[in-house]
Amino acid sequence: MDQELRQLLNKLESLADDLRVFLPKIVSIDWEHTLAAKWRYHETYSTFHPIKNLETYDLEDLLEIDQHKTALINNTELFCRELPANNALLWGARGTGKSSLIHAILQEFGDRGLRLVEVEKNYLTEIGVLAEFLGTLPYKFVIFCDDLSFDAFDFSYKDLKSALEGSVVTATTNILLYVTSNRRHLITELQRDNETSGTEDLHEAEAIEEKISLSDRFGLWLAFHPFDQEQYLRVVNHWVKKLANQYQLSLDMTEDMRKQALQWALNRGVRSGRTAAHFAQHWIGNKLLERTE
């Protein structure tokens, strides 16, 4: 009997070894010397790719979003101190500093063990696999998904919502999810979703509630809006002066610069920090070109 039991156990161990080949394996990296990496998931393995040229900003360069900075810094501070902290949704107009703020936060807290893992939308449903692996490491990880959104008839958001509610994700204390989107509820809202009537179908109302419930998985919401004219010009002035100092130029905001900066924003359809920085590069580049002629 003992011999038969041992044979059975040996067969089970052999079968388990065979099955391990088909389980996802995670190829890790040197997190001590890597601040940020992209994660790719495949059926039998997943891997990290270090981000060597991560675009970073100093927090003082992100102007006109002081409340947003304070809120996210405070949330990340709690996280790094192993105190309760929230997943964060940064939503709003393009170029208004959402991704830049998260990158600046990484730079601010990197020496305290904060790391960033960038995950594309189509891999987020496997966040449980990632959380289980990261939970064994002695670092704090922000899982970052940039520009997350779902079309009106893309029902994969349900898979993501289930993944975020999974026990592995909720129980892992060294990961937070920071997401940017141009949509407050992450999902395109059809016109009929906003129409109300006394005969509104109960099931349709439930479907709308289901759509917006994904964003409720994020405890911290930060709304980013386009700048007004004066905010935009203050940011332009900041970037022009910063670049001018870098190239040893002496420049002040002139009426001509002001008019061109406003026209630059008008052509792009948004007054934002990104638009201001791009105009500053254009303006300083042309001034340097004039100096060499």
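Per chain, residues are indexed from 1 in the order of the written sequence. This being a predicted model, a pLDDT of at least 70 is required before a residue's local features are given, and a value of 80 or more before pairs of side-chain atoms are given or counted; all residues contribute to the totals for chains, interfaces and linings. The basis for every side-chain value is the complete set of non-hydrogen atoms in the structure, without hydrogens or water.

Chemist: Can you walk me through helix α4 (residues 127-134) in this structure?
Modeler: Residue pairs three or four apart in sequence face the same way in an α-helix, which turns once every 3.6 residues. Within α4 the residues assigned to the buried category are Ile127, Leu130, Ala131, Phe133 and Leu134. Seen from one end, α4 has its buried residues packed into an arc of 165°, which puts them on one side. The buried label applies to any residue whose accessible area, calculated with a 1.4 Å probe on protein chains only, is under 20% of its type's maximum; exposed applies above 50%, and partly exposed to all values in between. Helix numbers and strand numbers start at the N terminus; a helix is a DSSP run of H or I with at least 4 residues, a strand a run of E with at least 2. Taking the helix axis as origin, the arc is that swept by the directions to the C-beta atoms.

Chemist: In this structure, what is going on with the packing of aromatic side chains? I would like to understand it.
Modeler: Each pair of aromatic rings is reported with the distance of its centres and the angle of its planes. Stacked, tilted and edge-to-face are the three classes applied to pairs of Phe, Tyr and Trp rings, where Trp contributes its six-membered ring and a pair requires centres within 6.5 Å; stacked means planes under 30 degrees apart, edge-to-face means over 60, and tilted covers the rest. The final tally for this structure, using the stated rule, is eight aromatic pairs. Ring geometry for Trp31 against Phe48: centres 5.4 Å apart, planes inclined by 80°, an arrangement best described as edge-to-face. Residue Trp31 is found in the loop between β1 (25-27) and β2 (36-41), and its partner Phe48 is found in strand β3 (residues 45-50); the two are separated by 17 residues along the sequence. Overall, the relative accessible area of 3% leaves Trp31 in the buried class. Residue Phe48 is classed as buried on the basis of its relative accessible area of 3%. With 6.3 Å between their ring centres and 75° between their planes, Tyr57 and Trp239 make a pair best called edge-to-face. Of this pair, Tyr57 sits in the loop between β3 and α2 (66-80) while Trp239 sits in helix α8 (residues 229-246), and the two are 182 residues apart along the sequence. Here the aromatic residues Trp31, Phe48, Phe133, Tyr139 and Phe141 are joined through ring pairs into a cluster of three or more.

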